[in-house]
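Chain by chain, the residues run as shown.
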Amino acid sequence: GGRGVLNTDDEVRSFMTFTKNEKRTKQRARDLFDQVVYEIECFVEIVECNRLPLLSGHLHTQVPESRGAIAYNRWRRSLREHEVVRFLALWESDRRSNSIPVLVDIIDDDVKRLLEHELARNLIFEVGSVEEQDRLAKQRIAECTAALAEAKNLIDSSCLRALREARNDYIAHRRTGAARED
């Protein structure tokens, strides 16, 4: 049978020369993807840097009960709050942000098709047999599709909504029970 992703040599050639609009759309998706990956890497670095002061019982026991302990505990709380703020920034839906929802939103069917075919085309140079290229392309496309579906599920999740609410109430606006607006 024919190839599953790119069936003919003509189809391969047609995807080697994208229209100007297709190139611009694909480049925008690529740029945003790179920016979102950078933001995720920064978040992971923050979490890793905070691991010792937030999770180490050993460090906590070395701080005596004094005014120093008050400052130390406030510092630890600030570290955790910063993690929450940076995590939620990854899930911000504002079109101007470098976030997962914005990326998911611009990866419509056309962009996905262009990226799938580019992925398949690039595999031509990576692996030998046509069957292996087709299998790898389908596997990578399935992984990307699953990741997009999972991101869409998380965007509207009750857990993310609850975390945003907690951030708004206790970090960003320091609302009290009586002053909180529902």
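Attention in this report is confined to the structure presented alongside it. (Residues numbered from 1 in each chain as written. Predicted model: local features only at pLDDT ≥ 70, side-chain atom pairs only at ≥ 80, totals over all residues. Heavy atoms only, no water.)

### Some details on the packing of helix α2 (residues 20-55) against helix α4 (residues 67-90)
At step 1: Interaxial distance between α2 and α4 falls to 10 Å at its minimum, and their mutual angle equals 160°. It follows that α2 is roughly antiparallel to α4 by the angle criterion. As for how α2 packs across α4, the hand of that crossing is left-handed. Contacts between α2 and α4 involve E39, I40, F43, I46, V47, N50, P53, L54 and L55 on the former and, on the latter, Y72, W75, R76, L79, R80, H82, E83, R86, F87 and L90.
At step 2: Per-class residue counts for the contact of α2 with α4 are twelve nonpolar, two polar and five charged. (Axes fitted to C-alpha atoms, helices over the stretch in contact; angles between N-to-C directions. Helix = DSSP H or I, 4+ residues; strand = E, 2+ residues; numbered from the N terminus. Parallel < 35°, antiparallel > 145°, perpendicular 65-115°, else oblique. Left-handed = near helix turned anticlockwise from the far one by under 90°. Contact = heavy atoms within 4.5 Å. Nonpolar A, V, L, I, M, F, W, Y, C, P; charged D, E, K, R; others polar.)

### Describing the packing of aromatic side chains
At step 1: Counting across every chain of the model gives two aromatic pairs.
At step 2: Ring centres 5.7 Å apart and planes at 50° place the aromatic pair F43 and F87 in the tilted group. Of the two residues, F43 sits in helix α2 while F87 sits in helix α4, which places them 44 residues apart along the sequence.
At step 3: Since its relative accessible area comes to 17%, F43 is described here as buried.
At step 4: Take F87: its relative accessible area is 27%, and that puts it in the partly exposed class.
At step 5: Aromatic side chains Y72 and W75 sit 5.9 Å apart centroid to centroid with 45° between the ring planes, which places their arrangement in the tilted category. (Phe/Tyr/Trp six-rings, centres within 6.5 Å; stacked < 30°, edge-to-face > 60°. Buried < 20%, exposed > 50% of the residue type's maximum accessible area, 1.4 Å probe, protein only.)

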